[in-house]
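# Reading the structure
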Amino acid sequence: MSENLIKPENLVYKKTEVLTDKVMHYCPGCGHGTAHRILAEVIDEMGIQGETIGVAPVGCSVLAYNYFSVDMTEAAHGRAPAVATGIKRVFPEKFVFTYQGDGDLAAIGTAETIHACNRGENILIVFINNGIYGMTGGQMAPTTLPGMKSSTSPRGRDVATMGNPLKMTELVAQLPGTYFVTRQAVHTPGNARKTKRAIKKAMEYQKLNKGTCLVEIVSNCNSGWKMTPVQANKWMEENMFPFYPLGDIKVPKE
Amino acid sequence: MKELRLMKGNEALAEAAIRAGADAYFGYPITPQSEVIEYLMAENPVERTGMVVLQAESEVAAINMVYGAAGCGKKAMTSSSSPGISLKMEGISYLAGAELPCLIVNVVRGGPGLGTIQPSQSDYFQAVKGGGHGDYKMIVLAPATVQETVDFVKLGFDLAFKYRTPVMILSDGIIGQMMEKVELFEQVPRSTEEPEWATVGKKPGREHVVVTSLQLQSEEQEKVNLRLQAKYREIEKKEVLYETYDCDDAEYLFAAFGSAARITRKAMEMARAKGIKVGLLRPQTLFPFPVEAFNKMADQVKGILTVEMNAGQMVEDVRLAVNGKTKVEHFGRFGGMIPSPDEILNALEQKIIGG
């Protein structure tokens, strides 16, 4: 039945060839799959698959290089912006992106992130913020909300002893090297479309050597948050979005 | 064109990097090697050869920039001194694991900790025995002169690409800071090759390239380990370099590398003048170590004294090489102190001849 339906005249959507056919290891309901697809579609639509080099982080998306059909390097934890700098400096004409989680980008890789942004490296940083360390089993992240429970803040994040959540996106937006900084989400079709537009813009700015572009995607972690996917998305809207408001933070002066 | 110049070790090293056709240098200032990046910035090689130079925010970032550029199939390098090299160890382990070629220079100063800015050889273990995590080796080249520093830059890149492995030049504060006559080799053009393992952008019809040191399946990781070990055995077989001095009639043997070997040669002259027949074996590669050469000398001599600017590190490898055939003792000064020829001769007489 389904084979009969897939005729050219019926085809309204198909998976981009910039994603491989490998089955993703992400939990059902996780935002990584959508974020991967959006980024891959932008690369496809811009026709830059052969000129793009990606850098995967350490974290849940450590195996991102299995899913993107572009040349990719796996960086040490937090070092993706430095690795991307090395790539971009020897290949200034290629498109270079990093794909990093909150622990990678905002804790262990804080220095690399800030300095790559401050130098205005012509790279795209895709930053997935779900407020938790997913891969290692739900520990407190630099972006974990005040009072939020995790396996290393079992009574909730006490900011007096554990510090405050870090708004890295607002922070790097202050730096002269960044050109376009925005915060988006991918949990609804409307949000996914906005995120895709943002990533496309960022890639187009990269072509013009405008400086660092950072797209934060506030995302869920239903496994780490110990919720169903639907509950997790609702919790994200009610708790994450007030603290990490969606929208453009730094837009180019036209 | 070959060219004679009087140059400081660190500056000669930087000039050699440009001439070796390096594509990229990433570094961070630290005494006693800051002249490397200063020379490169002044020379602005992007105009001479297209080589890029960047001052990173840390040694950690610098080695990871090397990782990114090396993954692109480019000739990438960094340099630092002991505390900075400790910071690079994470990246070096990843470079070895992902089998990426690169050149790392350690102009060694005394430690541990912040230690001293004076010369030392106390990073022998770190360079030769791993330093970073996991079962890996680097090829380690130990120059004793400014000339050898220059020549090892070229050799280091060649070996790095031949074996797809990080290569370290283990220099020290003496060689880095002193000026000597040096013959510079001719400019090697930068390579335009795109190795099949490099991230250069996916070509139609080929799989996308992945540079990684991650294998989640133990069976796969063991395969990687076996491949690395096979590579190291081949390096041990083919790439050993050393020099011998007055070994033909030697009854005793000095073992020393780098700066310590230079001072030891003076001690040899003094010993010979006193009628003591002593030779010197100077490893130029610390990994691979000249095991055979030491083993052979052990059949001939009555004892071996290693002279090192550390508390006794290479002495362990010499003992392993001679496997109990002859007595092996160590003499060292450390903490930035440099042994005098008198002290070395005295140590030979006390620890080996009289001992």
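Cut-offs applied
Residues numbered from 1 in each chain as written. Chains lettered and ligands numbered in written order. Predicted model: local features only at pLDDT ≥ 70, side-chain atom pairs only at ≥ 80, totals over all residues. Helix = DSSP H or I, 4+ residues; strand = E, 2+ residues; numbered from the N terminus. Rg over C-alpha atoms; globule rule 2.2 N^0.38 Å. Buried ≥ 20, exposed ≤ 12 C-beta atoms within 10 Å, placed from the backbone. Contact = placed C-beta atoms within 7 Å. Pairing = 2+ DSSP bridges. Axes fitted to C-alpha atoms, helices over the stretch in contact; angles between N-to-C directions. Nonpolar A, V, L, I, M, F, W, Y, C, P; charged D, E, K, R; others polar. Parallel < 35°, antiparallel > 145°, perpendicular 65-115°, else oblique. Left-handed = near helix turned anticlockwise from the far one by under 90°. Domains from an automatic or database assignment. Right-handed = clockwise from strand over helix to strand, strands pointing away. Core = buried A, V, L, I, M, F, W, Y, C linked by C-beta atoms within 7 Å.

### Focus on the overall build of chain A
Within chain A, the regular secondary structure consists of 10 helices and nine strands. Relative to its length of 254 residues, chain A is compact, with a C-alpha radius of gyration of 18 Å against a globular reference of 18 Å. The dimensions of chain A, computed from C-alpha atoms along their principal axes, are 60 × 50 × 35 Å. Counting over 254 residues, chain A shows a buried share of 52%. The long-range fraction of contacts in chain A, counting pairs at least 24 apart against all pairs at least 6 apart in sequence, stands at 68%.

### Quick word on the sheet that holds strand β2 (residues 24-27) of chain B
Residues and elements named next belong to chain B. Sheet architecture is open: seven strands sit in the order β3-β2-β4-β5-β7-β6-β13, paired in mixed fashion. Looking at strand neighbours, the two that pair on one side only are β3 (52-55) and β13 (285-287), the edges of this open sheet. Going from strand to strand, the sheet's axes swing by 20° on average, the running direction of each strand aside. Where strand β6 (residues 139-141) and β13 come together, two bridges link them in antiparallel fashion.

### What about the environment of H32 of chain A?
All names here are of chain A. In this fold, H32 is placed in helix α2 (residues 32-46). As a C-alpha pair, H32 and L105 span 73 residues in sequence and 16 Å in three-dimensional space. With sequence-adjacent residues up to four places away left out, H32 is seen in contact with Y26, C60, S61 and I128.

### Some details on the interface of chain B and chain A
Listed per partner, the contact involves 34 residues of chain B and 29 residues of chain A. Of all the secondary-structure elements, those providing two or more residues to the side of chain B that touches chain A are β2, β3, α4 (59-71), α5 (82-97) and β9 (210-211) of chain B. Classifying every residue of the side of chain B that touches chain A by side-chain character gives 18 nonpolar, 10 polar and six charged. Note that strand β2 (residues 71-74) of chain A and β9 of chain B share two bridges and pair parallel. Residue pairing across strands places T73 of chain A opposite V211 of chain B, the latter belonging to β9 of chain B.

### Quick word on the packing of α2 of chain A against helix α8 (residues 189-207) of chain A
Residue and element names in this part refer to chain A. Put simply, α2 and α8 touch, their axes get as near as 9 Å, and they point 45° apart. Between α2 and α8, the crossing angle belongs to the class labelled oblique. The way α2 lies across α8 gives a crossing that is right-handed. Side by side, α2 and α8 meet where T34, I38, L39, E41, V42 and M46 of the first sit next to A192, T195, K196, I199, K200 and M203 of the second. Within the contact of α2 with α8, the residues separate by chemical class into seven nonpolar, two polar and three charged.

### Remarks on helix α2 (residues 35-43) of chain B
Residues and elements named next belong to chain B. All of the buried residues in α2 are E35, V36, I37, Y39 and L40. Each element contacted by the buried residues of α2 is listed here: β1 (3-8), α1 (9-19), β2, α3 (45-48), β3 and β4 (76-80). Count one or two residues on from α2 and you reach N44, which has phi positive near 50°.

### Some remarks on the domain arrangement of chain B
Residue and element names in this part refer to chain B. Structurally, chain B comprises domain 1 (3-187 + 225-238) and domain 2 (243-353). Each of domain 1 and domain 2 has a C-alpha centre, and these two points are 26 Å apart. Opposite the 26 residues of domain 1 that make contact, domain 2 presents 22 residues. Those elements giving two or more residues to the side of domain 1 that touches domain 2 turn out to be α6 (124-128), β6, β7 (166-172), α8 (173-177) and α9 (218-238). It is α6 that provides the largest number of residues to the side of domain 1 that touches domain 2, a total of four residues. Partitioned by chemical class, the residues of the side of domain 1 that touches domain 2 number 16 nonpolar, seven polar and three charged.

### Some remarks on the sheet that holds strand β12 (residues 278-283) of chain B
The pairing of strands in a sheet comes from backbone hydrogen bonds and takes either a parallel or an antiparallel form. Residue and element names in this part refer to chain B. Strand order in the open sheet formed by five strands is β10-β12-β11-β14-β15, and the pairing between neighbours is mixed. Looking at which strands have only one partner, the edges of the open sheet turn out to be β10 (242-245) and β15 (327-332). With strand direction ignored, the average angle separating the axes of adjacent strands in the sheet is 20°. When strand β11 (residues 252-255) meets strand β14 (residues 303-308), the two strands line up parallel, connected through three bridges. Considered in β14, the bridge of A255 is made with T306. Contacts from helix α10 (residues 258-273) reach β10, β11, β12 and β14 within the one sheet, and its direction differs from that of β12 by about 170°.

### Focus on the pairing of β11 of chain B
Residues and elements named next belong to chain B. Side chains of β11 alternate between two faces, with Y252 and F254 and L253 and A255 buried alike. Direction of pairing for β11 relative to β12: parallel, over a ladder of four bridges. Counted as the bridge partner of A255 is L281 from β12. Crossover connection from β11 via α10 to parallel β12: handedness right-handed.

### A few points about the nonpolar core
Counting 186 residues, the largest nonpolar core has V126 of chain A together with V66 and V140 of chain B as its most contacted members. Of the residues forming this core, the biggest block, nine residues, is contributed by α4 of chain B. Each of domain 1 (3-187 + 225-238) and domain 2 (243-353) of chain B contributes no fewer than three residues to this core.

### Observations regarding α1 of chain B
All names here are of chain B. Of all 11 residues in α1, 11 are buried; the element is thus mostly enclosed. Within the span of α1, buried status applies to G9, N10, E11, A12, L13, A14, E15, A16, A17, I18 and R19. Phi turns positive one or two residues past the end of α1, at G21, with a value near 80°.

### Overview of the packing of helix α3 (residues 80-90) of chain A against helix α5 (residues 110-119) of chain A
All names here are of chain A. Here α3 crosses α5 at 40°, and the two axes come no closer than 7 Å. Looking at the two axes, α3 sits oblique to α5. On α5, the residues that touch P81, A82, A84 and T85 of α3 are E112, T113 and A116.

### Examining unusual backbone geometry
For residues that are not glycine, phi is negative in most cases, and the peptide bond is trans in most cases. Of note, the amide linkage connecting T31 of chain B to P32 of chain B takes the cis form, showing an omega dihedral of 5°. Tracing the sequence through the fold places P32 of chain B in the loop between β2 and α2.

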